[in-house]
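# Close look at the chain arrangement
Residue strings, one per chain:
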Amino acid sequence: MDDLTISGPQISGEFRSDVRSIVAQSGLRSHKLRSQTGNRPVFITGVGVVGANLIVPNRIELRSKELWAEFLASQTFEEVDSSATRLLSHLGGIKAIVGSSTTRGQKLSSEMNSIRQKREKARRLHEAEVAEQRSQSTQSSRTLDGATEIEQEEIPF
């Protein structure tokens, strides 16, 4: 047995002793017994539990802020695409923890949709710029080819 978490409005010392006895009767040892009272989150394998709600640790929330800042600072399509992918992955992980039907999960879904739309808009603008550059390059090439032909005609042999 790795982790055992027992929660409730009041866990007595007698109940804790009974649990330890059952564990010992099975030939196992218990250690690192911790208890917590109040409304503070209890973190179990990295996921916080507050009543019936699950939360992520503060370090993950801070990482979200970093990834948002990176996404908003992106200039080129490649930067937007790369930062959007990292941010979407990160937010999807949080959404999986808190649940998609919770208020927080629904807000994350909305944010993720917004990021996808911004990335798609950046992709369309990038493709339009590339097409324009190709068009200008083709026109320049034709102009240079035409000028070369005219110059060759004017040169007497």
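Higher on the page you've got the structure.
Residues numbered from 1 in each chain as written. Predicted model: local features only at pLDDT ≥ 70, side-chain atom pairs only at ≥ 80, totals over all residues. Heavy atoms only, no water.

## Things to note about the overall build of the protein chain
The test is simple: A run of H or I in DSSP becomes a helix once it reaches four residues, and a run of E becomes a strand once it reaches two; helices and strands are each numbered from the N terminus. For the exposure calls, accessible area comes from a 1.4 Å probe over protein chains only, and a residue counts as buried if that area is under 20% of its type's maximum, exposed if over 50%, partly exposed in between. Accessible areas in this description were obtained via Shrake-Rupley with a 1.4 Å probe; residue shielding takes into account the shown protein chains only.
Broken down by element type, the protein chain carries four helices and three strands. From first element to last, N terminus to C terminus, the protein chain shows the α and β order α-β-β-β-α-α-α. Looking at the 157 residues of the protein chain, the share that counts as buried comes to 16%. Of the accessible surface of the protein chain, which amounts to about 12200 Å², a share of 51% is contributed by carbon and sulfur atoms.

## Structural notes on the environment of Trp68
With respect to the helices and strands, the residue Trp68 is situated in helix 2 (residues 58–73). In this structure Trp68 comes out as partly exposed when scored by relative accessible area, which is 22%. The spacing of Trp68 and Arg86 is 18 residues in sequence and 9.7 Å in space, taken between C-alpha atoms.

## Considering the sheet that holds strand 1 (residues 42–44)
The following threshold applies: Paired strands, in this sense, are two strands between which DSSP finds at least two bridges. Here the axes come from fitting lines to C-alpha atoms, over the contacting stretch only for helices, and the angles between their N-to-C directions go from 0 to 180 degrees.
Here we have three strands laid out as an open sheet, ordered 1-2-3, and antiparallel in their pairing. On the outer flanks of this sheet lie strand 1 and strand 3 (53–55), each paired with one strand and no other. Taking the axes of each pair of neighbouring strands and ignoring which way they run, one obtains an average angle of 35° across the sheet. Of the strand pairs in this sheet, strand 2 (residues 47–50) and strand 3 are connected by three bridges, and their pairing is antiparallel. Following the sheet pairing, Val49 is matched in strand 3 by Leu54.

## Considerations on the side chain of Ser83
The condition is simple: Pairs of residues are marked as contacts when any of their non-hydrogen atoms sit within 4.5 Å.
In this structure, Ser83 sits in helix 3 (residues 77–98). Sequence-distant contacts of Ser83, that is, excluding residues within four places in its chain, are made with Glu70, Phe71 and Ser74.

## Focus on helix 1 (residues 13–25)
Test applied: Take the number of residues in a helix, subtract one, and multiply by 1.5 Å to get its expected span.
The end-to-end C-alpha separation of helix 1 is 18 Å, in line with the 18 Å expected for 13 residues at 1.5 Å each. Among the residues trailing helix 1, Gly27 stands out with phi positive, at a value near 85°.

## Description of the packing of aromatic side chains
The relative placement of two aromatic rings is captured by the distance of their centres and the angle of their planes. Quick reminder of the rule: Pairing of aromatic side chains requires ring centres within 6.5 Å, counting the rings of Phe and Tyr and the six-membered ring of Trp. Pairs whose planes differ by under 30 degrees are stacked, by over 60 edge-to-face, and all others tilted.
Evaluation of the coordinates by the stated rule reveals one aromatic pair. With centroids separated by 6.0 Å and ring planes inclined at 75°, the aromatic side chains of Trp68 and Phe71 adopt a geometry described as edge-to-face. Linking Trp68 with Phe71, this pair stays in helix 2, spanning three residues, or about one helical turn.

## Remarks on a nonpolar patch on the surface
Going by this rule: Exposure above 30% relative accessible area and the lack of any salt bridge qualify a residue for a patch; like charges then connect within 9 Å, and the nonpolar side chains Val, Leu, Ile, Met, Phe, Trp and Tyr within 5 Å. What makes a salt bridge here is a side-chain nitrogen of Lys or Arg within 4 Å of a carboxyl oxygen of Asp or Glu, nothing more.
Taken together, the side chains of Leu4, Ile6, Ile11 and Phe15 make up a nonpolar region of the molecular surface, amounting to roughly 340 Å² of accessible area. Take Leu4: it is sitting in the segment before helix 1. Judged by its relative accessible area of 51%, Leu4 is exposed.

## Considering the pattern of salt bridges
Here the structure, examined in full by the defined rule, presents six salt bridges. Glu61 is the partner of Arg104 in a salt bridge, and the nearest nitrogen-oxygen pair spans 2.9 Å. Of the two residues, Arg104 is situated in helix 4 (residues 103–154) and Glu61 in helix 2; the sequence distance between them amounts to 43 residues. Look at Glu61 and you get partly exposed, because its relative accessible area is 24%. Put simply, Glu127 and Arg123 hold a salt bridge, and the shortest N to O gap is 2.6 Å. With Glu127 and Arg123 both in helix 4, this residue pair falls four residues apart, about one helical turn.

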